[in-house]
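# A closer look at the structure
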Amino acid sequence: MHRPTHWRLAWLSVLLPLSATAADAIEKLTVSGWRDGQQAMPLPSELRLDGPFGDARSVQDTPRAVTSLTPELMERFGVTDIHDLSRVAPNLYGANTFGMASLPSIRGQLGEIFVDGLRRQGGNNGLGLPLSFNAFEQLNVVKGPPPVVLGATQRVGGFVELAPKRPDLDARHGSVRVQGGSWDRFREQFDYSTPLQAGHSAVRVAIENRNEDSFYDHGRYDSQDFYAAYRLRPDGQTLLDAHFEYFNVNFTDNAGWNRATQDLIDHGRYISGQGVTAAGSRVPGAGAVVSPSGVVELPRSRVYTDPDDRNGADSYNAGLRLSHRFDNGLRLENRAHYQHLAREEVARNSFVEIIDGADTVEDRLELIADYALPLLGLDTRQQSNIGVDFRFHEVQGFSQFDTEADNPVDLSGPLHNRRIPLNAAQRAALVELRPGLFVSPGAQYDRNGDGAGDFMLSDTTDSSHYQLGLFLQQDMQLSARWRALVGARGDWLWVTARDGAPPPGVDAASDSAHALLASTNFSLQYQWLPSLTSYFTVSYSESTSNSLGGGFVLGAGNRINPANFNTASQLFELGVKFAPTDSPWYADVALFEQSRSLRNRDGSNSGILTRGIESQLVLRPDHHLYASVGASYLNNRFDDSVAFQDSRSVNDAFDNSRPDLIVGTGVGSPSFTVFGASHRRVPGLPSVLLSGLVSYEFDNGVGMSLNGQYTNAFRLDFLNTVRIREQFTLNAALHYYCRALRSDVRAEIFNLTDEENFSPVFDGGYFGSTDVLPELPRSFMISLGHHF
């Protein structure tokens, strides 16, 4: 829905006077977060992580590859969503997830998101709820599976730890920012913190509004995020933090270009002609064959979208954290979190994904002891962390993706080419959830007694599960140079799954199951010099394989598949970190091997083995200059496992009537294909990734920044029929900070050289023979900010 301009102006008319009034009241106070004098962006060695690897570890002392992103760094390089992280965090690359990623892609696989140490739901395989950074002030990107303190997770490539904005107990401060850019993209932000009782209690409020048209046809993004936080320090040993966030978003599901041939990627030449099914229908359907009618130069903005698609979500998140220090070196930490997620996508191509409600409650209680232990004549520092973690999750969701058919659609033709009204046979194999809206049931039924199931299944679920975890983590100083981190955890899981949309006249199927998941991690560090540390990490974890909204589905025989509780991951990582004392640079390198599971579209799992090496170098010689470069090599392969694809090859979508355009096979598409167990590369991932950024600011507040990313050529589909060529992206910005007015202006240009780049649309390569996303052309964004 397009919101009128006067709505946006009214929103600003409230915020701007409020900020001016607040500024008048506090103009003599020190403003936290505003740079009255020039301050350099910190080196990684100067940052500390308060989290799952022990208290206040520096990045140099953390036995994992870590990138910590400060608010200054994110602002300087225009980071506003998950996809932007690759601008500032080295070695991140992944599929574009139908134009709107909700989970990070780390080391060639999806990762998790944690908020203040507790896992946040991210939809289904990364296709779900976009994430606003309005509520957060710092991000830590950690490679590899989460340690035992955080618990078992479905996605183990790495995780992003989001630190919520906290109120300042001592000073009032705030900011307001407005942005406008290409294609009528507008964003407004307001952030204000004030003590209620100085040194004792404080509150903070942050609001973000985004109303954005799109370069892509029929594209739109509208969101509102409201965040409120409260902090209480009743005494010097106790600290209470509470926060609440409401996020509402409406956005476009963008499948990019279909019929992803090499000629389309290299020259923009699109093969036209509407597919025809075996029954003679021109409505897109399984096995449809295209008789090429010619080629057209397809505009990069003409992608597989529809103005009548509905796609939106609402979420509520509330968190509570209590910390109390005792006089004997003990500390009690309790974190609690509640999340509610509801989303609805109903597309004209027959795709349906509805989460009526996904609710999560989690509480983790930790007892942490700091003490000294005599060892080899040295009083060594020790920390023990023992804890219990309780989690409850329930979700009711409905989906239908069996009748999607992308390749038969001729994007160069009229809009009705893309629409898939269900025929009588298809409707009979589904369940009518609402008048005219059909979804898959959550179980299979044989209504006519022929011994075969009569329904099409997707991810429909009505499930709940309880999870109880016990863990112990020991941070041990073994000598003046040696240090070890050891952890173990067990999670007991009780699951119930039901058919949330049974066909009329049948008893809804249901099943229950329970499992014990184990995880452990071990890290050994050696400090060669005060500035040079090496580490070796081993991690093993067992996790669940979840479906829509984090739930469980009924599989064969209407039972919960035991394989859903047997997705193991193992990591071996060897790293070196170098941070010379009183020196302006930092460097690290990590060599790793990791095995994990990839959840396939049909709910099964395939093993993936990833080997690689990655490094980063950060330079900050003075407060003017900040620069970093990163490089990685990834070898992502199936680990003697099967692979799935929408069609065997894009050539299958065409007949051979025009071999001058394409040598078609006439098999038809979509034609669900299972490739036998192999050690082939996982499609959709480059093996070489280079990234870099540089920022320079003069004493007068004028500054400039540049960042870029390079990927080598890589296969788009399993058979390597089509490849995305090597490509790069450069982004540039100019800014001016006026310290007298405490205001700034920024001008950003994205894709500076206007490269015609591409990216996959889905993790794991399932749509590699079907779709590819043409990335955005050159665009700009102007930003005005005022701090008070």
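Small disclaimer: the values here were computed from a predicted structure and weren't measured.

What counts as what
Residues numbered from 1 in each chain as written. Predicted model: local features only at pLDDT ≥ 70, side-chain atom pairs only at ≥ 80, totals over all residues. Heavy atoms only, no water. Core = buried A, V, L, I, M, F, W, Y, C linked by side-chain atoms within 4.5 Å. Buried < 20%, exposed > 50% of the residue type's maximum accessible area, 1.4 Å probe, protein only. Helix = DSSP H or I, 4+ residues; strand = E, 2+ residues; numbered from the N terminus. Pairing = 2+ DSSP bridges. Polar contact = N/O pair within 3.5 Å; in protein donor to acceptor, adjacent residues only side chain to side chain. Contact = heavy atoms within 4.5 Å. pLDDT = per-residue confidence, 0-100. Axes fitted to C-alpha atoms, helices over the stretch in contact; angles between N-to-C directions.

### Side note on the nonpolar core
- Core analysis: the biggest nonpolar cluster contains 44 residues, and Leu69, Leu85, Phe133, Leu139 and Leu162 have the highest contact counts within it.
- Among the elements that take part in this core, strand β8 (residues 136-143) stands out by supplying four residues, more than any other.

### A word on the pairing of strand β6 (residues 112-115)
- The alternating pattern of β6 places Glu112 and Phe114 and Ile113 and Val115 on opposite faces, both of which are buried.
- By the bridge criterion, four bridges tie β6 to strand β9 (residues 158-164) in an arrangement that is parallel. When the bridges of β9 are listed, Val115 appears paired with Leu162.
- Of the pairings in the sheet, the one linking β6 to strand β7 (residues 118-120) comprises three bridges and is antiparallel in character. Looking at the pairing, Val115 lines up with Leu118 of β7.

### Re the side chain of Gln383
- Along the chain, the position of Gln383 falls in strand β20 (residues 378-400).
- Side-chain polar atoms of Gln383 contact the side chain of Asp370, separated by 2.8 Å.
- If near-sequence neighbours (up to four positions away) are discounted, Gln383 is found in contact with Gly54, Asp55, Ile368, Ala369, Asp370, Gln473, Gln474 and Asp475.

### A few points about the confidence of the model for the protein
- Per-chain confidence: the protein averages 90 in pLDDT, with 94% of residues scoring 70 or above.
- In the model of the protein, helix α1 (residues 5-26) stands out as the element of lowest mean pLDDT, 39, in contrast to strand β12 (residues 201-213), which has the highest, 98.
- Between residues 1-37, whose pLDDT stays under 50, and residues either more than four places distant or in other chains, the model counts 59 contacts.

### Section: the sheet that holds β9
- The mixed open sheet is built from five strands, whose spatial order is β3-β8-β9-β6-β7. The open sheet has two edge strands, β3 (66-69) and β7, and neither has a second partner. Taken over all neighbouring pairs, the strand axes of this sheet differ in orientation by 25° on average, direction set aside.
- In this structure, β8 lies alongside β9, joined through seven bridges in antiparallel fashion. The partner of Val141 across the bridge, within β9, is Val160.

### Focus: unusual backbone geometry
- Across the junction of Ser669 and Pro670, the peptide omega takes the value 0°, indicating a cis bond.
- Mapped onto the fold, Pro670 is located in the loop between β31 (641-645) and β32 (673-678).
- Of note in this structure, Asn720 is not a glycine but carries a positive phi near 65°.
- Residue position: Asn720 is located in the loop between β35 (714-715) and β36 (723-724).
- The exposure class of Asn720 is partly exposed, given its relative accessible area of 29%.

### Quick word on the environment of Leu478
- On the secondary structure map, Leu478 appears in the loop between β23 (461-477) and β24 (482-498).
- For Leu478, a relative accessible area of 29% corresponds to the partly exposed category.
- Taking C-alpha positions, Leu478 is 51 Å from Asn757, a pair spaced 279 residues apart along the chain.
- Apart from residues lying up to four places away in sequence, Leu478 is in contact with Leu375, Leu376, Thr380, Arg483, Ala484 and Leu524.

### Digging into the side chain of Thr610
- On the secondary structure map, Thr610 appears in strand β29 (residues 605-619).
- A polar atom in the side chain of Thr610 sits 2.3 Å from the side chain of Asn636.
- Once residues within four sequence positions are removed from consideration, Thr610 is found in contact with Arg107, Gln109, Phe592, Glu593, Gln594, Leu634, Asn635 and Asn636.

### Examining the environment of Ala631
- One can find Ala631 in strand β30 (residues 625-638).
- Under the relative-accessibility criterion, Ala631 is labelled partly exposed at 27%.
- In this structure the C-alpha to C-alpha distance between Ala631 and Gln616, which are 15 residues apart in sequence, comes to 6.5 Å.
- For Ala631, the residues in contact, after removing those within four places along its chain, are Asn91, Ile613, Glu614, Ser615, Leu689 and Leu690.

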